[in-house]
Amino acid sequence: MTQAPTYDVCAVGNAIVDVLAPCDPAFLTAQGLTPGSMQLVDAQQSAALYAAMAPGVEASGGSAGNTVAGIGSFGGRAAYIGKVADDQLGGVFSHDIRAAGVAFDTAPMTDVATGVCMINVTPDGQRTMCTFLGAANQLSAADIDADLIGASAIVYLEGYLFDPAPARAAFEAAAAAAHAAGRKVAITLSDTFVVARWRAELLAFIEASADIVLANEGELAALFENEDFDQAAAHLGRIVETAAVTRGAAGSVVFGNSGAERVAVAAVPVARVVDTTGAGDQYAAGFLLGLARGLSLEDAGKLGSLAAAEVIAHWGPRPMTSLEGLAKEAGLRLQ
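For clarity, every value in this text was computed on a predicted model and none was experimentally measured.

**Q** A description of the overall build of the protein should follow, citing residues and the corresponding values.
**A** For the protein, the helix and strand inventory stands at 13 helices and 14 strands. Rg of the C-alpha trace for the protein: 18 Å, near the compact-globule value of 20 Å for 335 residues, within the 12% margin. Principal-axis analysis of the C-alpha atoms gives the protein an extent of 55 × 40 × 40 Å. Within the protein, buried positions represent 55% of all 335 residues. When contacts within the protein are restricted to residue pairs at least 6 apart in sequence, long-range pairs at least 24 apart make up 74% of them. Averaging the locations of the 18 positively and 36 negatively charged side chains of the protein gives two centres separated by 6 Å.

**Q** Let's hear about unusual backbone geometry: which residues, and what values?
**A** Even without being glycine, Ser190 reaches a positive phi, approximately 75 degrees. Mapped onto the secondary structure, Ser190 falls in the loop between β10 (184–188) and α7 (192–197). Positive phi, normally seen in glycine, also occurs at Ser258, with a value near 55 degrees. Within the secondary structure, Ser258 sits in the loop between β13 (252–256) and β14 (261–265).

**Q** With reference to specific residues and values, describe the nonpolar core.
**A** Residues Ile149, Leu157 and Ile187 are the most contacted members of the largest nonpolar core, which totals 54 residues. The element best represented in this core is helix α6 (residues 165–180), accounting for seven residues. Leaving out residues up to four positions away in the same chain, Leu157 has contacts with Val12, Phe171, Ala174, Val185, Ala186, Ile187, Thr188 and Phe205. If you look at the next biggest cluster of nonpolar residues, it comprises 42 residues, including Tyr156, Val263, Ala284 and Ala307.

**Q** Please set out the sheet that holds strand β8 (residues 127–132) residue by residue, giving values where relevant.
**A** Across the sheet, which stays open at both edges, the five strands sit in the order β3-β8-β7-β2-β4 with mixed pairing between neighbours. The sheet terminates laterally at β3 (38–40) and β4 (57–60), the two strands that pair on one side only. When strand polarity is set aside, the average angle formed by the axes of neighbouring strands in this sheet is 20 degrees. Inspection of the sheet shows strand β2 (residues 16–22) paired to β4 by four bridges, in the antiparallel sense.

**Q** Residues and numbers for the packing of helix α3 (residues 63–73) against helix α11 (residues 279–292), please.
**A** Contact geometry of α3 with α11 gives a least axis separation of 8 Å together with a crossing angle of 50 degrees. Here α3 lies oblique to α11, going by the angle between them. For α3 against α11, the interelement crossing comes out right-handed. Here α3 contributes Ser63, Asn66, Thr67, Gly70 and Ile71 to the contact with α11, which in turn contributes Asp281, Gln282, Ala284, Ala285, Leu288 and Leu289. Its residues assigned to classes, the contact of α3 with α11 shows five nonpolar, five polar and one charged.

**Q** I'd like a description of the packing of α6 against helix α8 (residues 199–209), backed by residues and values.
**A** Their axes nearest at 11 Å, the elements α6 and α8 cross at an angle of 10 degrees. As far as their axial angle goes, α8 and α6 are roughly parallel. With respect to the hand of their crossing, α6 and α8 are arranged in right-handed fashion. Only Glu201, Phe205 and Ser209 of α8 make contact with α6, whose side of the interface consists of Arg168, Phe171, Glu172, Ala175 and His179.

**Q** I'd love a proper account of the sheet that holds strand β9 (residues 152–158), names of residues and values included.
**A** Ordered in space as β6-β5-β1-β9-β10-β11-β12-β13-β14, the nine strands form an open sheet in which the pairing is mixed. Lying at the two open borders of the sheet, with one neighbouring strand each, are β6 (102–104) and β14. On average, adjacent strands in this sheet sit at an angle of 20 degrees to one another, irrespective of strand direction. Pairing analysis gives five bridges linking β9 to β10, with the strands arranged parallel. Within β10, the position partnered with Val155 by the bridge is Val185. Contacts between α3 and the sheet are confined to β1 (7–12), β5 (78–81), β6 and β9, with β5 contributing the most and set at about 165 degrees to the helix. Lying over the sheet, α8 contacts β9, β10 and β11 (212–216), oriented at roughly 160 degrees with respect to β10.

**Q** Could you give an account of α8, with specific residues and numbers?
**A** Buried within α8 are the following residues: Leu202, Leu203, Phe205, Ile206 and Ser209. Each buried residue of α8 sits inside an arc of 170 degrees when the element is viewed along its axis, so together they form one side. Across α8 from its buried face, at more than 90 degrees, point the exposed residues Ala200, Glu207 and Ala208.

Criteria and thresholds
- Residues numbered from 1 in each chain as written.
- Predicted model: local features only at pLDDT ≥ 70, side-chain atom pairs only at ≥ 80, totals over all residues.
- Heavy atoms only, no water.
- Helix = DSSP H or I, 4+ residues; strand = E, 2+ residues; numbered from the N terminus.
- Rg over C-alpha atoms; globule rule 2.2 N^0.38 Å.
- Buried < 20%, exposed > 50% of the residue type's maximum accessible area, 1.4 Å probe, protein only.
- Contact = heavy atoms within 4.5 Å.
- Lys, Arg positive; Asp, Glu negative; His and termini not counted.
- Charge placed at Lys NZ, Arg CZ, Asp CG, Glu CD.
- Core = buried A, V, L, I, M, F, W, Y, C linked by side-chain atoms within 4.5 Å.
- Pairing = 2+ DSSP bridges.
- Axes fitted to C-alpha atoms, helices over the stretch in contact; angles between N-to-C directions.
- Parallel < 35°, antiparallel > 145°, perpendicular 65-115°, else oblique.
- Left-handed = near helix turned anticlockwise from the far one by under 90°.
- Nonpolar A, V, L, I, M, F, W, Y, C, P; charged D, E, K, R; others polar.
- Arc of directions from axis to C-beta.

In structure tokens:
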């Protein structure tokens, strides 16, 4: 019999500090940036873009880091594996994630700077990201704590880490540790460009190692080329136990029992969209916590929609209002 988990979710991801600033579309054009995309930059490009940006707000980020911070806001139990440096931004990241109630004990690096992501947000709330990975890019299988993963109901893997080979090896190690302990493996596709670069490899990993997949509409289309949304969503639902596909204001579609169950979940209305940074990350927080606590697919999706709505109503990728309190107000039980 599998022992009761200590943690609901243990996430493996890029430990990044975000710098968010407003911009107009002309700024993106001038910088040669594709609106709504995420691209990797080197230290020199990062510094040049930072100098050109409008005054910004610094906030601890990283996709999976945002997700476990959201789980903490729900009152859930979360842990995190990711690399920062022993520098100022690394200290900020470590403080923030622990303050969110997340266990974080990965040893810091001393020879590489902490990763940073410049996020330019246009008036419609769309974010365009340029990321210098720094220490985050150095995650390897040696950083995977098999005991920690074995003590977590779900291990959650951030798709952005599929780019560097050592991090992909870390994914394999994390998935093996989870399954050896009778736990579930979840992965988020993270970005259409990541999917385009590694489509065959991602599909192979998903089919061999993933129990749960999270994606947005664009990522789904990139994964299953030449299929319309309904075909692609059904395809994803068949190859994993559970899947959730987010569609912005159109809500999400959730699949269970290897595609036998399909549930449409409405988005939670928002008076004004301020910044979509972190929307998918917070949806994942609610959805994964719901699965870890044994909620129905519909209620897990509703928790995800609730968290996404909270985060897009303000600047920054992490909740500013207690998600646990919002869940109670909405009549959603976490136990």
